[in-house]
Amino acid sequence: SEKQITGACLQYLTDAQLEEMEAGWSQRISYSSQVFNDSIHGHIWLHPLLVRIINTLQFNRLRNLKQLGGTYFVYPGASHNRFEHSIGVAHLAGRLVRALRKQQPELGISPRDELCVQIAGLCHDLGKLCMLYALVSVPAALLSLHSCANLCNNLDNCTDEFWVDLGTPQNRSVSGIRAKLERNWRFYKGRPESKSFLYDIVANERNSIDVDKMDYFARDCHHLGIRNNFDFERFLMFARVCVVDGKKQICTRDKEAHNLYEMFHTRHRLHREAYKHRVVHIIQAMISEAFQKADKYIQISGSDGQMFNLSTAIDDMEAYTKLTDYVFDRILYSKCNNLADAQTILKKIVDRELYKCVDEIRHLTTKEIKQDEFHKWYKNETSSKPDVSVQAEDIIIKVSLMDYGMKEKNPINAMWFYRKNDPDSVSELLPKKFSEKVIRVFCKKPDNKSLDVAKMYFQQWYDTINQVNLLAVMRACHQNNDFSAVFLTLPHAPHDEPPQG
């Protein structure tokens, strides 16, 4: 700030100048920098460029996106937003990079590397839709790409050099926010393959251990009132970069395996008790239904005076910036007759007149459970029974996957550990895998007769597909002369031990 550095010349700063700026931060407070008092991490000191990004319209949109969406209607404390979470991720990303830089100077991590990773952490949630997620099928990564591109334009392109410098916006999104493991480094101009570990700090697709989860586990537990047993401070302390199969990866001490187990136990608990809570599930379904009914009747102004509805606002960044959780209140308090059906559903949520859960099953069959298939079967079964008052559309099926973050795989299998007395040697921990599915069936009609009908027909359909699945498994086992898998398809199998021999 003393050198009157503006956004137009930020892209031309050298590493030496950045080093000088970094030294200055510890001695004085720049008027363009800012300290944030965070509920989880305490006082956070942020680089001036990060502050400029935070002060944009695109980033401030996150203030009006609840981190957990409809979970707020079950846990009143879950009112925190994506804005504070994103700042927390940027903070932890910077801390992890600085820790690696201090412990392993031979890695050649520069101040620019640190800043790039922090920007990736800060912007990783720009594409989130929260309550509106069911309206569109566009991946969040693509929305993040468009949001980041528009944000960079508003910053007079000053982030081009601070970001991972790639030739195309598509590569920028993949590289800076969610890099694929099968990347071909010939096409990446931002960082050499020797710094590939930097791409695993914000969004780690190797084992799901990244600063994004570290922040939202701690933040969500704090606001939900759920105990967090994972100590991310220890992970930051013992993190090191080791060479695994010729590639550099972020590893941790072998004694930290238990701490990582606690991380994924916390994740599973959050999913079981909050994210995929039975009531949260149905509230999200009701919100989605209401928004779909209101979609074509809500107009959002975009660039050049164009008007968009809820599902098309993502096509225009000016309209997309206005797409926040305020839509819920806009429908709820609207006097437009066209929004009456959607408004009725949202009023039921507020008045706690929710759809009823009629059944819950631990998913044993390998066949995928699809609501559309059940609806088709249900219509065929009830077509000749005019006395059945429950329509197929009145029955909602929700399937929840409870796992450690990598479906049927245990992410710790993909984590490598180093030993204190042999830092160049790594070993792999091989725990048991964990994954299960929970099927919940809801009915829109609250009377007992309708609930019984919905439950009865769903159980009939579920038994039918289970029998088909059992026959298929038995045929496969007969061909392989191994019938041990049959036991897994039988009812109540998880409560018993498989037969021996």
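Residues numbered from 1 in each chain as written. Predicted model: local features only at pLDDT ≥ 70, side-chain atom pairs only at ≥ 80, totals over all residues. Heavy atoms only, no water.

Tell me about the side chain of glutamate 289, residues and numbers included.
In this fold, glutamate 289 is placed in helix H11 (residues 278-294). Take glutamate 289: its relative accessible area is 16%, and that puts it in the buried class. Looking at glutamate 289, its side chain comes within polar contact range of the side chain of tyrosine 355, at 2.9 Å. Apart from residues no more than four positions distant in its own chain, glutamate 289 is found in contact with Ile345, Tyr355 and Lys444. (Helix = DSSP H or I, 4+ residues; strand = E, 2+ residues; numbered from the N terminus. Buried < 20%, exposed > 50% of the residue type's maximum accessible area, 1.4 Å probe, protein only. Polar contact = N/O pair within 3.5 Å; in protein donor to acceptor, adjacent residues only side chain to side chain. Contact = heavy atoms within 4.5 Å.)

Provide a residue-level description of the sheet that holds strand S8 (residues 395-403), including the pertinent values.
Hydrogen bonding along the main chain pairs the strands of a sheet, whether they run parallel or antiparallel. Taken together, the three strands give an open sheet; going across it, the order is S7-S11-S8, and neighbouring strands pair in antiparallel fashion. Looking at strand neighbours, the two that pair on one side only are strand S7 (356-362) and S8, the edges of this open sheet. On average, each strand axis in the sheet is tilted by 20 degrees relative to the strand beside it, whichever way the strands run. Relative to strand S11 (residues 435-443), S8 runs antiparallel, the two sharing nine bridges. Opposite lysine 398, over in S11, you have arginine 440 as the bridge partner. Taken strand by strand, H11 contacts S7, S8 and S11, and its axis lies near 60 degrees from that of S11. (Pairing = 2+ DSSP bridges. Axes fitted to C-alpha atoms, helices over the stretch in contact; angles between N-to-C directions.)

Could you give an account of the pattern of salt bridges, with specific residues and numbers?
Oppositely charged side chains are able to pair whenever their charged atoms sit close together. Counted under the stated rule, the structure contains 19 salt bridges. For aspartate 200, the salt bridge identified is with arginine 206, shortest N-O distance 2.7 Å. With a closest N to O distance of 3.4 Å, aspartate 254 and arginine 253 form a salt bridge. Accessibility expressed as a relative area gives 12% for arginine 253, which makes it buried. What you see here is one network of salt bridges that share partners, running through Asp38, Glu84, Asp215 and Arg219. (Salt bridge = Lys/Arg side-chain N within 4 Å of Asp/Glu carboxyl O.)

Outline the packing of helix H4 (residues 82-103) against helix H8 (residues 211-224), supporting the account with residue identities and numerical values.
Between two packed helices, both the angle of their axes relative to each other and the distance between the axes serve to describe the pair. With their axes 8 Å apart at the nearest point, H4 and H8 run at an angle of 135 degrees to one another. Classified by the angle their axes make, H4 and H8 are oblique. Classified by chirality, the crossing of H8 by H4 is right-handed. Taken together, the residues of H8 that come into contact with H4 (itself represented by Glu84, His85, Gly88, Val89, Leu92, Ala93 and Leu96) are Val211, Asp212, Met214, Asp215, Tyr216, Arg219 and His223. Here the residues of the contact of H4 with H8 sort into seven nonpolar, three polar and four charged. (Parallel < 35°, antiparallel > 145°, perpendicular 65-115°, else oblique. Left-handed = near helix turned anticlockwise from the far one by under 90°. Nonpolar A, V, L, I, M, F, W, Y, C, P; charged D, E, K, R; others polar.)

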